[in-house]
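Residues per chain are reported as follows:
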Amino acid sequence: MKPFFLEIITPEKIAYSGEVEMVVAPSALGAIGILHGHVPLLARLIEGELKITKGTEEIFFAIGGGFIEVDSKKVTILVTSAYHADEINEQEVLKARQRAEEALAAKPSGINLIKAQSLFRESLIAMKVLQRKRKKSSFSASSQ
């Protein structure tokens, strides 16, 4: 596959910048797969797992909502947050999920309900990215 330039930008940092062969991002209408030569596109992204393919390597990020722009020169992803699997602390994620579950069990309403649901969703996405990292690590170790 022919590579293209990808940037993942959050308000705090440039989470990724480099050549890749493919990106799969969670959009409001389902997963969007981008390869070199994709038609120009502007789409809304939702919280979820973003997958980058670079050669034989697969790189996973947990992302917040935002936008993806595809043009003839590069792909730009602007999101509220982006965490590489290596940046995610499992113990913190488990604590966040527990806090979210406790908050939801209290049957909140209004903004408190939205916050608790958001925290729960974010923790599920982070755990999914961590599990993919583990699978990849165990697969790499078993194939050596």
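Here goes a summary of the coordinates provided. (Residues numbered from 1 in each chain as written. Predicted model: local features only at pLDDT ≥ 70, side-chain atom pairs only at ≥ 80, totals over all residues. Heavy atoms only, no water.)

A few points about the overall build of the protein
Going by this rule: Secondary structure counts use DSSP, requiring at least four H or I residues in a row for a helix and at least two E residues in a row for a strand, with both numbered from the N terminus. Whether a residue is buried, partly exposed or exposed follows from its accessible area with a 1.4 Å probe, protein chains only, as a fraction of its type maximum: under 20%, in between, or over 50%, in that order. Note on charges: Lys and Arg go in the positive column, Asp and Glu in the negative column, and His and the chain ends are not counted at all. Working definition for charges: the position is that of NZ of Lys, CZ of Arg, CG of Asp or CD of Glu.
Looking only at helices and strands, the protein has 2 helices and 10 strands in total. Principal-axis analysis of the C-alpha atoms gives the protein an extent of 50 × 40 × 25 Å. Every one of the 144 residues in the protein was classed for burial, and the buried ones make up 35%. Positive and negative side-chain charges of the protein, numbering 19 and 17 respectively, have mean locations separated by a distance of 4 Å.

Considerations on the environment of valine 70
This is how the line gets drawn: We call two residues in contact whenever any of their non-hydrogen atoms come within 4.5 Å of each other.
Mapping valine 70 onto the fold places it in strand S8 (residues 66-70). Using a relative accessible area of 4% as the deciding quantity, one classes valine 70 as buried. Taking the C-alpha atoms as reference, valine 70 lies 7.3 Å from histidine 38; in sequence the two are 32 residues apart. Once residues within four sequence positions are removed from consideration, valine 70 is found in contact with Ile34, His38, Val39, Pro40, Leu41 and Val75.

Quick look at the layout of surface pockets
Note the cut-off: Computed over the protein atoms alone on a 1 Å grid, cavities are sets of points where a 1.4 Å probe fits but cannot get out and pockets are open sets with protein on both sides within 12 Å along at least five of seven lines; a residue lines them when it has an atom within 4 Å of a point. Grid points are joined across faces, edges and corners, and a volume is the space filled by probe spheres set on the points. Polar here means any residue other than Ala, Val, Leu, Ile, Met, Phe, Trp, Tyr, Cys and Pro, which are nonpolar, and Asp, Glu, Lys and Arg, which are charged; Gly is therefore polar.
Quantified by volume, the largest pocket comes out at close to 400 Å³. Contributing to the lining of the largest pocket are 19 residues, with Tyr83, Val93, Glu122, Ser123 and Ala126 lying nearest its centre. Breaking the lining of the largest pocket down by element, the ones donating at least two residues are strand S7 (57-63), helix H1 (90-105) and helix H2 (110-142). If you tally residues by element for the lining of the largest pocket, the top one is H2, at 5 residues. Residue composition of the lining of the largest pocket, by class: 9 nonpolar, 5 polar and 5 charged.

Regarding the nonpolar core
Cut-off, in case you're wondering: In this text, buried Ala, Val, Leu, Ile, Met, Phe, Trp, Tyr and Cys residues form a nonpolar core when linked through side-chain atoms within 4.5 Å.
Residues Leu6, Ile8, Leu50, Ile52, Phe61, Ile68 and Ile77 are the most contacted members of the largest nonpolar core, which totals 23 residues. Core analysis: the second largest hydrophobic core is formed by 10 residues, Phe60, Ile125, Met127 and Leu130 among them.

Notes on the pairing of strand S1 (residues 4-9)
Using the following cut-off: Here a strand pair is declared whenever DSSP counts at least two bridges between the two strands.
When S1 meets strand S2 (residues 14-20), the two strands line up antiparallel, connected through 6 bridges. Following the sheet pairing, phenylalanine 4 is matched in S2 by valine 20. Between S1 and S2, which follow one another and run antiparallel, lie 4 residues.

Considerations on H1
Stated formally: The span expected for a helix works out to 1.5 Å for each residue beyond the first.
Its 16 residues give H1 an end-to-end C-alpha distance of 22 Å, which sits within 8% of 22 Å, the value for a rise of 1.5 Å per residue. Looking one or two residues beyond H1, the residue adopting positive phi is lysine 107, at roughly 55°.

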